[in-house]
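What follows is each chain in one-letter form.
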Amino acid sequence: MAAKYTPAPRTGDDSKQKPMKLQTFSGANGLDEEAQRHTDDEGDVDGQTGNSTQDKPKLETDLRNLFFDDGKRRIDFILAWTIDHKRPETARQARQVFEENLIKEGLELEYDTRGRDVNFVKVHAPFDVLKRYADILKLRMPMKAILAEQHMKEKYSNWENRTRTSNNNVASKTPLPSVGARLWNNTIQLVRKFMVPFHYDETLLPTVSRSYSCPYSSSREYLFEIPENKDEYFSKAIRSWIVDYILRRQSFNVSDSKTFSFGIKKMLSDGFYSAAYPLHEGHWKAGSANNARKVLFDHWANWTNCLKFQPIDYIRLYFGEKIALYFAWLGFYTLMLVPATVVGLAVFFYGLGIMSTNIASKELCDPHNNITMCPLCDARCPYWKLSDACSHAKASRIFDNGATVFFAIFMSLWGTLFLEFWKRKEATIQYKWDLTTFVQEEEPPRPEYLSKLENWQIFKVNPVTGIQEPHLPFWKRRFPIFLASYSIMLFLAAVAVTAVIGVIAYRVSMLAALQLIPQHVSSNSTVVATTAGLIYENASLVTTVTAALINLAIIIILNVIYGHLAFWLTDWECLRTQSEYDNSITIKLFALQFVNYFCSIFYIAFFKGQFVGRPGKYRTIFGGRQEECEAGGCLIELCIQLAIIMVGKQLIQNNFIEIVVPKLIKLVKRKCSKETREQKLAKTPWEKDYILAPAESMSLFYEYLEMVLQFGFLTIFCAAFPLAPLFALLNNIVEIRVDANKFTTHLRRPLAEKSANIGIWYSVLYGISRIAIISNAFIIALTSEFIPRLVYTSRYSPDESLSGYINFTMAYFNTSDFAPSDRPKDIHLGVISMCRYKDFRNPPWEDPEYRRSTAFWHVLAARLAFVVVFENVVVVITSLISWLIPDVPTILKEQIHREAYITNEIVLKTELRRAQGEDLNSLGGAHLSNDENLRYSPHHSEDIELKQRSPSTGKSKSGSQIYI
């Protein structure tokens, strides 16, 4: 049955309200359909017209004027319009025709035109209209509990009694569970006990359980539990959804010449209406009267709940399945980040522990080894000591160690488990929300599509609807546009690559400039000398950090440009349906942002330092030497780049743009507003909601895109940054509340759309998880020092330790082989006859000199072998996991079949009793018992969870459940 909100009763001057509970109601106890106008949190009365309804009973779900002037008919939708000064008569006629057609369809309208800039049309859907469209759309509605109860008693009572007796009988012949099963059950129980503090208060938000349902049929209305107040049968989300369905199909043109002059979206696009939205159910601020919106704010969107689980079922009741599914996915993703965070922290602390004790790091930092390195640039850069890179090498060991391989394998398995467990979670949600048989309806053409092709001469009959629609020939019109569109996308991607090349040039020049500090900085000031020395010693770190910050700024700027151009290109393609448009914009924006965010990271991970050549014969690009990795390797640079881009994106986009900017805009509007308090108090609910930002169809798109890119940071480069899951977890905890706050306080109430899954985003996530396997294999093999260390200890080390490893990785170069123009001019270290550089090459005294050594080929073979083994092992394991874990839990699959069978049996038996002349109206809600044992709630995973939480009764703390 639909859930409803029941405020605590007021007594006297009751400014402090008692905790609000949600209760169930049946037909016999249905409330009167009349409602009293209530005062909102600011003391204003929502709505000033109509007769007083002070003596009428209160409708407990509503403390805001959400009714027509008669106080009886509920407002299901609002249409707002302003005076169109360019074509006022055309707009007026279009609205008149459209509204007449709505009335013919059975909707009831009421107008609020009191001479202001914005006028409103209030839309109400009577029960007969809702019932007709529920039948047409085959909406699944709850069946009478008494029917299921009788059938369960007849069919399954003996079986359930035997099962209950068997479970309670210690001496039962049923074999004991296996050790593995008991261990698993004990683990689950322990995890559930640990999670108890994170659950929301079930005394305020009781459990929403599922009742038997079947597709609504007007001819079989006796199957459904319809209350006396029939307007309360359909939830507010379903009411607005049905009204929107009607609005999207009504014509606004008398003439048949314009076949596609229909639908509210087309009217909004043409400017005939300025907005169309359902109303929020009250105010959310502290001190406001209890209502559904305030409950969601207090127990979900409020920052005090940031460590609590989300009341997903209540989000669904208010915002609909599509938005609730997003928050369910985001909450599940955030929960799955917890084990990844724990493992990542363990790997990080392990790296901290071995940072100073590592033999290779000690050798590198020991100045007694007196290893002189070749210059980092030609002519101007001096020779330098390897021990100068001590801090860099130690920091590198935090992330470049044996635990990195384990973490990369773990994250690959984690990505697969996340996707597989989400499919199971999604199947459970689909079942509980009656979405297992949901089929997306045939979409009408987009209004923008029809507007562009209004004078198009080529038509084609739609094979589904049978309507003639404008047709764009593929080869003559669509292919050239697609070709041009994706060519522009390639150019935009090249712009991102060019920006990375610019940052590379900055790094090279900055590093060379910092190397000259000892020559050019001469000051008597101790502060200046100390600062210059500190910068010189950490030249690589300074260069890496500043370059990453510059790259982040470029990324943010390019993202804004890419966003506008992606929409412009998609509009240019002139796609027919909204789904086609959404999929196209998803591919474009994801591809462009993926290149933008990850281009520089891919460069450091796979290309930097791989093709630099050797002293005396460096490979150049545009006349300049390529970048080299530091003595400690490129992995630490990759880690810094990844951390700055990922964390910077989260801080700027998630925290600043989504939190600070809206507050600043609101503050400016408040300061600039000339409205008096009396004017604000006089506003009606539809006027207040009109001021809010519209809930656009692309709102969820950007939220999904943000999280999918974060998933890419986590998985594709997890080997370089084990702290990424921690930062993602902290960000998501904030993100959930930011998004919840946005939907409850800043946006108009969005349409309660239905959706059975997260759409194309699952495929994108799966693709990223596959790319991550390859990426991490190459990061470990090419970027980290794991393979060279492994080869050295297994083949070259006399005692199988890392003693002598630094010398093993350093090649010799005779400084006399420098070209005169490239020879260093700074000789503050004295005359150097032999310098070292990091590579596996023959020394100058071997023939052929400076050629690749045998060790190079051993290391290269080991790297390639590792890539092949790592990829195949991880792919096999992840594929095996995917195969072993069914997409739908077995118990849920059985329950779906069982419910279909029982529902069919109930319908058949009820039809038989009807044919025999039995009065089926006697099976009313008055016969229902409040005892939970007499109510049958389908057995699925979430019910099991609840029963295990309270084994004695199977109830929540409040002892009550909501049935939907």
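Residues numbered from 1 in each chain as written. Predicted model: local features only at pLDDT ≥ 70, side-chain atom pairs only at ≥ 80, totals over all residues. Heavy atoms only, no water.

Side note on the overall build of the chain
Across its full length, the chain carries 29 helices and 20 strands. Looking at the chain as a whole, 51% of its 964 residues are labelled buried. Surface exposure of the chain reaches about 45100 Å², of which carbon and sulfur atoms provide 59%. (Helix = DSSP H or I, 4+ residues; strand = E, 2+ residues; numbered from the N terminus. Buried < 20%, exposed > 50% of the residue type's maximum accessible area, 1.4 Å probe, protein only. Areas by Shrake-Rupley, 256 points an atom, 1.4 Å probe, with all protein chains shown as cover.)

A word on a positive patch on the surface
Where like charges cluster on the molecular surface, the positive patch consists of K285, K663, K666, R670, K671, R677 and K680. Per-element accounting of the positive patch gives the leading share, four residues, to helix 19 (residues 635-672). Mapped onto the fold, K680 is located in helix 20 (residues 677-681). Taking the relative accessible area as the measure of exposure, K680 reaches 35% and is therefore partly exposed. (Patch = residues over 30% accessible without salt bridge, like charges linked within 9 Å, V, L, I, M, F, W, Y side chains within 5 Å. Salt bridge = Lys/Arg side-chain N within 4 Å of Asp/Glu carboxyl O. Lys, Arg positive; Asp, Glu negative; His and termini not counted. Charge placed at Lys NZ, Arg CZ, Asp CG, Glu CD.)

Some points on helix 27 (residues 854-884)
Counted at 1.5 Å a residue, the expected span for helix 27 with its 31 residues is 45 Å, and the 45 Å between its end C-alpha atoms agrees. Considered for burial, the residues of helix 27 that qualify are A855, F856, V859, R863, F866, V867, F870, V874, T878 and I881. Where helix 27 is buried, its residues touch helix 12 (402-432), helix 24 (760-783), helix 25 (786-796) and helix 26 (805-809). (Expected span 1.5 Å × (residues − 1). Contact = heavy atoms within 4.5 Å.)

Details of the state of the cysteines
Taken as a whole, this structure holds three disulfides when the rule is applied. Between C377 and C381 runs a disulfide, and the two sulfur atoms are separated by 1.7 Å. Handedness here is read from the sign of the S-S torsion; for C377 and C381, about 100 degrees, the answer is right-handed. Overall, the relative accessible area of 1% leaves C381 in the buried class. (Disulfide = S-S within 2.5 Å.)

Considering the pattern of salt bridges
Pairing is possible between side chains of opposite charge, provided their charged atoms come close. Throughout the structure, instances matching the rule amount to 26 salt bridges. Linking D70 and R73 is a salt bridge whose minimum nitrogen-to-oxygen distance equals 2.9 Å. Residue D70 is classed as partly exposed on the basis of its relative accessible area, which comes to 27%. For R73, a relative accessible area of 28% gives the class partly exposed. A salt bridge links D887 to K423, with the nearest nitrogen and oxygen atoms 3.0 Å apart. Of this pair, D887 sits in the loop between helix 27 and helix 28 (890-915) while K423 sits in helix 12; the two residues are 464 residues apart in sequence, bridging distant segments of the chain. Bridged by salt links that share partners, the residues D69, E110 and K122 form one connected network.

Overview of the nonpolar core
Counting 150 residues, the largest nonpolar core has W329, Y333, W414, F418, W422 and I758 as its most contacted members. By residue number, the principal contributor to this core is helix 9 (residues 321-354), which donates 16 residues. Setting aside its immediate chain neighbours within four residues, F418 contacts W329, F332, Y333, M336, F711 and L765. Core analysis: the second largest hydrophobic core is formed by 45 residues, L79, L107, I242 and I902 among them. (Core = buried A, V, L, I, M, F, W, Y, C linked by side-chain atoms within 4.5 Å.)

Observations regarding the sheet that holds strand 5 (residues 118-124)
Pairing within the open sheet is antiparallel, and its four strands lie in the order 4-5-3-9. Edge positions in the sheet fall to strand 4 (108-112) and strand 9 (275-277), since each of these pairs with one other strand and no more. Between one strand axis and the next, the sheet turns by 20 degrees as a mean value, whatever way the strands run. Sitting on the sheet, helix 5 (residues 236-247) is in contact with strand 3 (77-82) and strand 5, with an inclination near 45 degrees to strand 3. (Pairing = 2+ DSSP bridges. Axes fitted to C-alpha atoms, helices over the stretch in contact; angles between N-to-C directions.)

Thoughts on the pairing of strand 5
Within strand 5, seven of the seven residues are buried, which leaves the element mostly enclosed by the surrounding structure. Side chains V118, F120, K122 and H124 project from strand 5 onto one buried face, and the interleaved N119, V121 and V123 project onto a second face that is buried too. Judged from the six bridges that link them, strand 3 and strand 5 form a sheet pairing that is antiparallel. Considered in strand 5, the bridge of I78 is made with K122. Direction of pairing for strand 4 relative to strand 5: antiparallel, over a ladder of five bridges. Along strand 5, the bridge assignment pairs D112 with F120.

A look at the confidence of the model for the chain
With 78% of its residues at a pLDDT of at least 70, the chain reaches an overall mean of 78. Across the chain, the element-wise mean pLDDT spans from 34 in strand 2 (residues 21-23) up to 93 in helix 9. Low pLDDT (under 50) marks residues 162-174, which in the prediction has two contacts with non-local residues, meaning those over four places away or in another chain. Every residue in residues 924-963 is under pLDDT 50, and counting partners more than four places away or in other chains gives 92 contacts. (pLDDT = per-residue confidence, 0-100.)

Notes on the UniProt feature "transmembrane region" (unreviewed entry) in the chain
In the numbering used here, UniProt assigns the "transmembrane region" (unreviewed entry) feature to residues 323-352, 403-422, 481-505, 548-569, 589-607, 708-730, 760-782 and 860-885. Secondary structure over residues 860-885 splits into 96% helix and 0% strand, and the C-alpha atoms at its two ends are 37 Å apart. (UniProt positions renumbered as here; feature names shortened; annotations may be inferred.)

Some details on the packing of aromatic side chains
One pair of aromatic rings is described through two measures. These are the centre distance and the angle between the planes. According to the stated counting rule, one finds 56 aromatic pairs in the structure shown. Ring geometry for Y318 versus F319: centroids 4.8 Å apart, planes at 80 degrees, classification edge-to-face. When the ring centre of Y690 is taken as origin, the NZ or CZ atom of R748, which lies over that ring, is 5.1 Å away. The aromatic ring of W241 is capped on one face by K754, whose charged end is 5.5 Å from the ring centroid. (Phe/Tyr/Trp six-rings, centres within 6.5 Å; stacked < 30°, edge-to-face > 60°. Lys NZ or Arg CZ within 6 Å of the ring centre and 35° of its normal.)

Here's the deal with unusual backbone geometry
A cis geometry characterises the amide bond from D847 onward to P848, with omega recorded as 0 degrees. Here P848 shows up in the loop between strand 19 (834-838) and helix 27. Here N370, not a glycine, exhibits a phi torsion of approximately 50 degrees, which is positive. Along the chain, N370 falls in the loop between helix 10 (359-365) and strand 10 (372-373).

A few points about the environment of Y603
Its place among the elements puts Y603 in helix 18 (residues 578-606). You can call Y603 buried: its relative accessible area is 16%. Distance in space between the C-alpha atoms of Y603 and V497 is 9.6 Å, their sequence separation being 106 residues. Look past the residues within four positions of Y603 in its chain and what remains in contact with it is V500, I504, R507, K608 and E627.

A short note on the environment of F602
With respect to the helices and strands, F602 occurs in helix 18. Its relative accessible area of 22% is what places F602 among the partly exposed residues. Considering only alpha carbons, one finds F602 and L638, 36 residues apart in sequence, at a separation of 8.8 Å. Filtering out sequence-adjacent residues up to four positions away, F602 remains in contact with F594, F607, I716 and F717.

Examining a nonpolar patch on the surface
A contiguous nonpolar patch, built from L651, I652, F656, I657, V660 and L664 and spanning about 500 Å² of accessible area, is present on the exposed surface. Tracing the chain through its elements places L651 in helix 19.

Some details on the side chain of N732
Within the secondary structure, N732 is located in helix 23 (residues 724-746). Here the side chain of N732 touches Q710 through a polar contact of 3.0 Å, side chain to side chain. In this view, N732 contacts L330, Y333, T334, L337, M707 and Q710; residues no more than four positions away in its chain are not counted. (Polar contact = N/O pair within 3.5 Å; in protein donor to acceptor, adjacent residues only side chain to side chain.)

Considerations on the packing of helix 18 against helix 24
Contact geometry for helix 18 and helix 24: axes closest at 13 Å, N-to-C directions at 10 degrees. Between helix 18 and helix 24, the angle is such that the two are roughly parallel. Within the contact between the two elements, helix 18 uses N583, T586, F590, I604, A605 and F606 and helix 24 uses I760, W761, V764, I768, S775, F778, I779 and T783. Looking at the contact of helix 18 with helix 24, its residues break down into 10 nonpolar, four polar and no charged. (Parallel < 35°, antiparallel > 145°, perpendicular 65-115°, else oblique. Nonpolar A, V, L, I, M, F, W, Y, C, P; charged D, E, K, R; others polar.)

Thoughts on the pairing of strand 3
Across the six residues that make up strand 3, a large majority, five, are buried. Two elements, strand 3 and strand 9, share three bridges in a ladder whose sense is antiparallel. In the sheet register, I78 faces strand 9, and the bridge partner there is Y277.

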